[in-house]
Amino acid sequence: MLSHATARDWLIPYADGMLAADERRRIDGHLGGCAACGAELREVRELNLLLVTLPPAPPTSVAPFWLKLQAVLPQRRALRIPNFVGYRRAGLAFALASIAVLAAAATAFAALPDNPLYPVKLIEENVQLALTPANDRLTVQLQQAGERLREAQAMATDHKPRLAESSLRAYTIIVDAAAVSLKRPATPQVTKDALHALRAKLDAVERVNANRDDDVAGIKQLVAAAVDELDRLEQQESVTAPALTVGEQATPDPTPKATPKPTPRPTDDGDRRERERD
């Protein structure tokens, strides 16, 4: 029998699909009779959905930031305090802390949904999209959509179907947000190539899911819906204006002649009144 304390410790990996099948069965048995754990599990799932639906955020260039940081770090020769140990130690500590922060930021860029730094990655993507000019937003959105598919494939490979489904839902949100821009892209060929790349990544996610002994129906349904949406978008792009035949000119229709209207004849009552006046 699974204890209440152990069940609470397993709720987060249970919600993320990270438990083995026998562990999930033990949690299911405990949840059937524990209302408190059931309520806590709902809160965990709501938090996961909130994190997934956060708008994407930008990668930050590390090299320019590091160059600016080096420019303001204490320099022993410039300050002429070679024997002042406190300053040297403070500068070293500041440099090490800066390197740690940069390393964490660089790690967040490639973080997957099961990484504690993944929320930082989403915030960075959100900032990047907010700072991107309107003409370039579609390119960034398609890049972020491709990143969500990469995450979904990695989670499906690691047998974490819940996280894979969350990444696929986040991909759908990004594509829906870009739907208006996809109707009239600034660079049609680049956009077309990006859509083909997304289709290839969707196929890769489906292949990974199909190769599992217990392929997940939710992943299959989400991939199928995403492929249908790509088909619809590509059909919109293929609609073009009818081509004109060179060397031929349309003959304008002749101007229709006005049809004369018959002159109304006076009625008998009108003739009678006319004779009475005479």
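Above this note sits the structure.
Residues numbered from 1 in each chain as written. Predicted model: local features only at pLDDT ≥ 70, side-chain atom pairs only at ≥ 80, totals over all residues. Heavy atoms only, no water.

Some thoughts on the packing of helix α1 (residues 4-15) against helix α2 (residues 21-31)
Thought 1: Remark: α1 packs on α2, axes separated minimally by 10 Å, with the N-to-C direction vectors making an angle of 120°. Taken together, the axis directions place α1 and α2 in an arrangement best described as oblique. For the element pair α1 and α2, the recorded crossing hand is left-handed. Contacts between α1 and α2 involve H4, A7, W10, L11 and Y14 on the former and, on the latter, E23, R24, R26, I27, D28, H30 and L31.
Thought 2: For the contact of α1 with α2, the residue count by class is 6 nonpolar, 2 polar and 4 charged. (Axes fitted to C-alpha atoms, helices over the stretch in contact; angles between N-to-C directions. Helix = DSSP H or I, 4+ residues; strand = E, 2+ residues; numbered from the N terminus. Parallel < 35°, antiparallel > 145°, perpendicular 65-115°, else oblique. Left-handed = near helix turned anticlockwise from the far one by under 90°. Contact = heavy atoms within 4.5 Å. Nonpolar A, V, L, I, M, F, W, Y, C, P; charged D, E, K, R; others polar.)

Concerning the pattern of salt bridges
Thought 1: Using the criterion set out here, one finds 10 salt bridges in the structure.
Thought 2: Linking E147 and K121 is a salt bridge whose minimum nitrogen-to-oxygen distance equals 2.5 Å. Pair noted here: E147 is in helix α8 (residues 137-157) and K121 is in helix α7 (residues 118-131), with a separation of 26 residues, a long-range link.
Thought 3: The class for E147 is buried, based on a relative accessible area of 17%.
Thought 4: The salt bridge partner of R169 is E165, with a shortest N-O separation of 3.5 Å. With R169 and E165 both in helix α9 (residues 161-177) and 4 residues apart, the pair spans about one turn of that helix.
Thought 5: A residue is classified by how much of its surface remains accessible, and R169, at 37% relative accessible area, is partly exposed.
Thought 6: Residue classification places E165 among the buried positions, given a relative accessible area of 7%.
Thought 7: Linked through salt bridges whose partners overlap, the residues forming this network are K121, E125, E147, R148, R150 and E151. (Salt bridge = Lys/Arg side-chain N within 4 Å of Asp/Glu carboxyl O. Buried < 20%, exposed > 50% of the residue type's maximum accessible area, 1.4 Å probe, protein only.)

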